[in-house]
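Reading the structure
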Amino acid sequence: MTSELDIFVGNTTLIDEDVYRLWLDGYSVTDAVALRVRSGILEQTGATAAVLQSDTMDHYRTFHMLERLLHLLHQLIFQIPPSRLTVYPFWMGLTQPSESPARPRQTPFPLFYGGYYAFDEAFVREVLGKKLSKGTKKDLDDISTKTGITLKSCRRQFDNFKRVFKVVEEMRGSLVDNIQQHFLLSDRLARDYAAIVFFANNRFETGKKKLQYLSFGDFAFCAELMIQNWTLGAVGEAPTDPDSQMDDMDMDLDKEFLQDLKELKVLVADKDLLDLHKSLVCTALRGKLGVFSEMEANFKNLSRGLVNVAAKLTHNKDVRDLFVDLVEKFVEPCRSDHWPLSDVRFFLNQYSASVHSLDGFRHQALWDRYMGTLRGCLLRLYHD
Amino acid sequence: MPGKLKVKIVAGRHLPVMDRASDLTDAFVEVKFGNTTFKTDVYLKSLNPQWNSEWFKFEVDDEDLQDEPLQITVLDHDTYSANDAIGKVYIDIDPLLYSEAATVISGWFPIYDTIHGIRGEINVVVKVDLFNDLNRFRQSSCGVKFFCTTSIPKCYRAVIIHGFVEELVVNEDPEYQWIDRIRTPRASNEARQRLISLMSGELQRKIGLKVLEMRGNAVVGYLQCFDLEGESGLVVRAIGTACTLDKLSSPAAFLPACNSPSKEMKEIPFNEDPNPNTHSSGPSTPLKNQTYSFSPSKSYSRQSSSSDTDLSLTPKTGMGSGSAGKEGGPFKALLRQQTQSALEQREFPFFTLTAFPPGFLVHVGGVVSARSVKLLDRIHNPDEPETRDAWWAEIRQEIKSHAKALGCHAVVGYSESTSICEEVCILSASGTAAVLNPRFLQDGTVEGCLEQRLEENLPTRCGFCHIPYDELNMPFPAHLTYCYNCRKQKVPDVLFTTIDLPTDATVIGKGCLIQARLCRLKKKAQAEANATAISNLLPFMEYEVHTQLMNKLKLKGMNALFGLRIQITVGENMLMGLASATGVYLAALPTPGGIQIAGKTPNDGSYEQHISHMQKKINDTIAKNKELYEINPPEISEEIIGSPIPEPRQRSRLLRSQSESSDEVTELDLSHGKKDAFVLEIDDTDAMEDVHSLLTDVPPPSGFYSCNTEIMPGINNWTSEIQMFTSVRVIRLSSLNLTNQALNKNFNDLCENLLKSLYFKLRSMIPCCLCHVNFTVSLPEDELIQVTVTAVAITFDKNQALQTTKTPVEKSLQRASTDNEELLQFPLELCSDSLPSHPFPPAKATSVDYSSFADRCSSWIELIKLKAQTIRRGSIKTTVTVEKASPVGDGNFRNRSAPPCANSTVGVVKMTPLSFIPGAKITKYLGIINMFFIRETTSLREEGGVSGFLHAFIAEVFAMVRAHVAALGGNAVVSYIMKQCVFMENPNKNQAQCLINVSGDAVVFVRESDLEVVSSQQPTTNCQSSCTEGEVTT
């Protein structure tokens, strides 16, 4: 007696969170059944292995169907007028929207959705800043081996990144808002995706050995600051002619701004200005800093490092190496001198603020736009 | 020109990409009704075209309006080659033809293609302007309402229940026409879908005409079936109960002039005794009964013998049931005279209803059934389907005579079915013989009497159990005792019926689903030989099915079966029998005796030991079941009852029979010997197997109940959560050396495993009950067995006490707590592993503060953390998931804190096989939903194999039903039934085909709690799109 066909279809779709998780993690039906057995479900429910097998298969099939629906959704969303953006095709019948406001229980769809777009920290660290093209997909095998995440799960996560990237790539307006609206993701997850998309677009290098200590959270934090301050969208410059302006508001760094950053070079190139800057900072921090002497000794190096990073950002290559440079030029020197975080904060605050007192320096606004973001990033990057 | 149909095509969405080059579609729509076709403009390059067409107007006869479906075809325009069809929508406009139902059909319909499934949606508005036509020779029957519901629909009152209506139409099956060899599968499927749609329209119209002839205005319990007879054609047949319904809360309707039956009724002196039933049961009037002077037995026997001469020859299928006591006799005779004459002019006094207005059902005799094996031949003249009509007439006649043999003049809970394999067809009909109150069968003095009836009938909750036949002239050997309730009338020791449990019946404990399953191998044969072989097997199968049912009933410690449905399925090389019923303990019937096992060779010591071991096991099981189902009848000793019947109680006899096409008559004595106790003899391995199989049925896990009736006897505090589902399983038997025993075991395992899977799947709903569990067996191929189950899981409140007395305030509190419980149900699902079957007590649930989302979220996280301990890494990930749920969940929360009336839109269409929705009030019936779909694939593997294919198809069918209901302005389908699910596969060719036929009643319901808040609340018409938006954008 072999089972040829075995299905269960409900008028509302029941999603078992456990099985869903196993599916997201890319386990095969057999492995999933084994894991469920190990979780002790048989004893708790008095079910048999056959029942569990059938249930798991059924759920997997449902998830596959939902997955198709999910992808369809994005294809659709792109095409329909904004008022309909959030309608999902209820005819697929796999799930229905919540019955009535009084019964918020039935939220399997968003839950399914959120779960589907969730990602593993270990995985995202591997692909962050890489080009989301097919070439990288071949590397998924390696990532899978390295992280212990199943290939299936890797593929799903990678495809999610790619899908989101493709959809928001050509959109105007706030990156986070776009993602949130079009993918019905929570605020938090939308922010994460914004960071991923931003990194992928600018191809920031995150894989170097010296960057390994940084978490996805660190990068996401920096990405958010940069999106807020360094992109076209940040300045709020609505392009006058929408067709001519091909840059994405939130995804690309403001080219003009990067160009202008060259002007900052004077801070280190002009010896007088550099000395004045140093003395201003030292005067202000004397007695307040545990590592004052080290700071004093290193000031010129650090300042040179930070300003040079800014000046080089006109080249794409250097933009990619932004984080490598920041770590090399600032984080590592400070760390080798054992600066406590509080001292770093004091220093950076003073370092940025003092520039306002430099009479010969005319690019105060530019400096603030640059340093304001950089300060936040550096503080976040400064840890072991 | 009695009608004008107006159609407007508004827009489409989510269309498939038809032009690979541009990834877009140039769509236009053809609207066809009858022979008239209109087209919209082509909307270039869009997957979401906005046609906004003019109103297309069709001027048509109302006859066509009833027969024809509106056919909408969406196509992709192609300048150079033929236009590609995207898909079709068939809209049945019947609901627009009667005044009380829908006034407009408007909404998004899934565009369906038989090869690709659903491909986008189309927004259509349909209206009908009807002109009154008083032509008495008209062929249309507009205005007759149809209900699938097998009881009087909730917002109506039955003025008269006229009785049985039936009709069948036949046609050639397009799949078997010569043209099918040259046309595409799509064209063939569409031809079939269209034809069936047309045929059901015609059938409904013809039935409607019959109803109008009877002066009724509605058909209740409408059951329409398709027989795919293959080469010999396609039969669409329907049965129903004609009624005159009156909408409640509307001013008293004026009935049409007296109908013919009522005229004759008036000559009957029923006025002398308007409420005969009370004499028999009312304890206050025993003396009055005595005043009747005529001899009951005499009159009865005369009647029974005169009514049908072939009575003694015709086989009977009935369970023993009670007899009339001395006092009961005279009244009964009188009653019989009245109703009999009321029913006599009816060819078939049958009722497809399974639940009745109070007082309608007087006595129940037992189950009557008839089967007949026929050889199919080509239907030569589709306009005169005489053979099929004659076949059914024959069977119905037989049922009628069975009922008469049981002293009953009517059959209730009547249904008909077929099973076809190649050219052999088994026709089956079954019902419950009953004595009815004539008052509902005629018009006139109903008004006042009804009220009176209601009051007077209250004390007699056992009336229906009392035997309708005469004690001295019993149609079969049965064992009678005095009713355990009133102690005046005789009752049988067991009662089998096909109806729902009457609402006023006193039941002890809870009920349970009882199934008898049986397989019999049969040699492959052709034509006549095959039919004979089947005919020969049938009686044995029925006998065994009954034995199994009886054994299982006794094992459960119960004494009555309701909703009994015996299905016999014929295959190439086997016959399958599946009987499902809901067992209960009726307080009026005697306590069932145990089961005693007897061995054949009593001298063998070890054998003896074995027997006694088995006996002990059986006794233990009975005791356990009694505890499980809370069966604790009050102990009443024989002396108190004063039973004049000295025989021991435990004896069961049943007499049933079988009739074949050959008119050969078989009589079976199902009483198990002449022994005093119910004895199982173990004389060979077969019997051993039987006993074992008895004991292998596992009770459902705690917190679960199941029944195949509308509601579970003994549970009355339903909460509002329902989940309707369909589950299909197909197993392949290993063809080697199949024996009956192995086959039985396989089949038994299949059913048991299926039930186990259901319990497991639905464990998050505990405590809950699976209601209206409907099993269908088919044998699509030699070694394949297919079982389809449709049922609804309903949650209930464990604390029954809460339910008894409630002030409105308490009620709303109660409601709040249920809500909270429901809220928790999802987390419960998440952690069901760590907290198995742990129902949240309401007190605990209410204590959680749901007003803040953060709290809820954290409680979720806690629950999930609990969970995380049991399963690997991922607590981080889990948290992420929860956070992700927030945008929508959050929105919902804000909505929730607003007064419930603020958002009265209901975005979900509920589906249920029951006639009601727990915790809600049905305010309007919008019309019948009767849909037929074919789905075919030539890429079975790519669609996920047979399971993936069928899963998707059933999900699509649900979606289409929901869309049609929503377009009618409804928010639920009640009495939903999947009448057919024919699945055929050819894995070698990577092909599969499936036909599904579903029906139900589209309704508008309002939650009782909402009613309390705002009484005038009406769910918004066609709200699904706006709702979905609202849902997500919040």
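See the structure shown above.
Figured I'd write up the structure that's included with this text. Every chain's residues receive numbers from 1 upward, in the order its sequence appears when written. Ligands are numbered from 1 and chains lettered from A, in the order in which they are written. For this predicted model, a pLDDT threshold of at least 70 governs which residues receive local features, and a threshold of 80 or more governs which side-chain atom pairs are given and counted, while totals over whole chains, interfaces and linings are taken from all residues. Side-chain calculation: all heavy atoms of the structure are included, whereas hydrogens and water are not.

Going along the chain from the N terminus, every DSSP run of H or I of four or more residues is numbered as a helix, and every run of E of two or more is numbered as a strand. A tally of regular secondary structure across chain B gives 23 helices and 34 strands. The buried label goes to any residue with under 20% of its type's maximum accessible area, the exposed label to any with over 50%, and the partly exposed label to all in between, with areas taken from a 1.4 Å probe on protein chains only. By residue count, 62% of the 1034 residues in chain B fall in the buried class. Contacts in chain B between residues at least 24 apart in sequence constitute 79% of all its contacts with a sequence separation of at least 6. Here, residues are in contact when the closest pair of their heavy atoms is within 4.5 Å.

With that out of the way, let us pick up the sheet that holds strand 15 (residues 410-421) of chain B. All names here are of chain B. One open sheet accounts for 3 strands, arranged 14-16-15; its pairing is antiparallel. Strands with a single pairing partner mark the edges of an open sheet, and in this sheet they are strand 14 (361-375) and strand 15. Here the average twist between neighbouring strands, direction ignored, is 10 degrees. Pairing geometry for strand 15 and strand 16 (residues 424-436), over 10 bridges, is antiparallel. Considered in strand 16, the bridge of S415 is made with S430. Angles here are taken between N-to-C directions and fall from 0 to 180 degrees, while the axes themselves are lines fitted to C-alpha atoms, restricted in helices to the stretch in contact. Those strands touched by helix 10 (residues 527-555) are strand 14 and strand 16, and its axis lies near 155 degrees from that of strand 14. Think of it this way: DSSP has to see at least two bridges between two strands before they count as a pair.

Core analysis: the biggest nonpolar cluster contains 120 residues, and I179(A), M295(A), F323(A), F330(A), F347(A) and Y370(A) have the highest contact counts within it. Looking at this core, the element that brings in the most residues is helix 11 (residues 187-202) of chain A, giving 10 residues. Ignoring anything within four residues of it in the chain, the contact list for Y370(A) reads W230(A), F257(A), L261(A), L264(A), L306(A), V309(A) and A310(A). Formed by 87 residues, the second largest nonpolar core is a distinct cluster that contains V7(B), V29(B), I122(B) and L968(B). Here, the term nonpolar core denotes a set of buried Ala, Val, Leu, Ile, Met, Phe, Trp, Tyr and Cys residues that are joined through side-chain atoms within 4.5 Å.

Now for the side chain of D325(A). Residue and element names in this part refer to chain A. Mapped onto the fold, D325 is located in helix 19 (residues 322-336). For D325, a relative accessible area of 8% translates into the label buried. Apart from residues no more than four positions distant in its own chain, D325 is found in contact with V309, K312, D318 and F330.

Moving on to the sheet that holds strand 19 (residues 495-496) of chain B. In sheet architecture, strand pairing relies on hydrogen bonds along the backbone and comes in two forms, parallel and antiparallel. All names here are of chain B. Taken together, 4 strands build an open sheet; the order of strands is 19-21-22-20 and the sheet is mixed. Every interior strand has two partners, whereas the edge strands, strand 19 and strand 20 (507-521), have only one. Strand direction decides the pairing type here: strand 19 and strand 21 (residues 560-570), joined by 2 bridges, are parallel. Considered in strand 21, the bridge of L495 is made with A560. Along the sheet face, helix 10 touches strand 19, strand 20, strand 21 and strand 22 (574-586) and points at about 150 degrees away from the line of strand 20.

A word on a nonpolar patch on the surface. Residues and elements named next belong to chain B. Judged by side-chain polarity, W178, I179 and I182 come together as a nonpolar surface patch covering roughly 370 Å² of accessible area. You can see W178 is positioned in the loop between strand 10 (156-171) and helix 2 (185-213). A relative accessible area of 62% means that W178 is categorised as exposed. Note that patches include only residues with greater than 30% relative accessible area and no salt bridge, and the join distances are 9 Å for like charges and 5 Å for nonpolar side chains (Val, Leu, Ile, Met, Phe, Trp, Tyr). The protein chains shown are the only cover counted for residues, whose accessible areas, like all others here, come from Shrake-Rupley with a 1.4 Å probe. Here, a salt bridge means any side-chain nitrogen of Lys or Arg that lies within 4 Å of a carboxyl oxygen of Asp or Glu.

Before going further, it helps to spend a moment on the environment of D61(B). All names here are of chain B. Summarising the element assignment, D61 is placed in the loop between strand 4 (56-60) and helix 1 (62-67). Classification of D61 as partly exposed rests on a relative accessible area of 39%. Put simply, D61 and K4 are 57 residues apart on the chain and 8.5 Å apart in space, counted from C-alpha to C-alpha.

So, about the pairing of strand 16 of chain B. Residue and element names in this part refer to chain B. Of all 13 residues in strand 16, 13 are buried; the element is thus mostly enclosed. Two elements, strand 14 and strand 16, share 13 bridges in a ladder whose sense is antiparallel. Within strand 16, the residue paired with L361 across the bridge is L436. Hairpin connection, strand 15 to strand 16: the antiparallel pair is bridged by 2 residues, and E422 has positive phi, about 50 degrees.

Now for the packing of helix 19 of chain A against helix 21 (residues 364-381) of chain A. Residues and elements named next belong to chain A. Packing of helix 19 against helix 21 brings their axes to within 11 Å, and their N-to-C directions diverge by 75 degrees. Relative to helix 21, the element helix 19 lies roughly perpendicular. Of helix 21, the residues touching helix 19 (which contributes F323, L326, F330 and V331) are L374, L378 and L381. Residues are grouped as follows: Ala, Val, Leu, Ile, Met, Phe, Trp, Tyr, Cys and Pro are nonpolar; Asp, Glu, Lys and Arg are charged; every other residue, Gly included, is polar. Of the residues that constitute the contact of helix 19 with helix 21, the class distribution is 7 nonpolar, no polar and no charged. An angle below 35 degrees is read as roughly parallel, one above 145 as roughly antiparallel, one from 65 to 115 as roughly perpendicular, and any other as oblique.

All names here are of chain B. Secondary-structure assignment places V698 in the loop between helix 13 (685-696) and strand 27 (704-706). A relative accessible area of 48% places V698 in the partly exposed class. Measuring from C-alpha to C-alpha, the distance between V698 and K57 comes to 60 Å, with 641 residues separating the pair along the chain. In contact with V698, other than residues within four places in its own chain, are E752 and K756.

A few words on helix 21 (residues 945-967) of chain B. Residues and elements named next belong to chain B. Helices are assigned an expected span. That span is 1.5 Å times one less than the residue count. Across its 23 residues, helix 21 extends 33 Å between first and last C-alpha, which sits within 8% of the 33 Å expected from 1.5 Å per residue. Across the 23 residues of helix 21, 23 count as buried, placing the element largely inside the fold. Of the residues flanking the end of helix 21, it is G969, one or two places downstream, whose phi is positive at about 90 degrees.

Bringing the environment of R369(A) into the picture now. All names here are of chain A. Tracing the chain through its elements places R369 in helix 21. Put simply, R369 and W230 are 139 residues apart on the chain and 7.4 Å apart in space, counted from C-alpha to C-alpha. Polar side-chain contacts of R369 include one of 3.4 Å to the backbone oxygen of T231. N or O atoms closer than or at 3.5 Å make up a polar contact, with two conditions inside protein: a donor-capable atom paired with an acceptor-capable one, and, for residues adjacent in sequence, both atoms drawn from side chains.

The next subject is the side chain of D500(B). Residues and elements named next belong to chain B. Structurally, the position occupied by D500 is in the loop between strand 19 and strand 20. It is K154 that comes nearest to the buried, bridge-free D500 among opposite-charge side chains, at 8.7 Å. In terms of polar contacts, D500 uses its side chain to reach the backbone amide nitrogen of E710, at 3.3 Å. Under this rule, positive means Lys or Arg and negative means Asp or Glu; His and the chain ends count for nothing.

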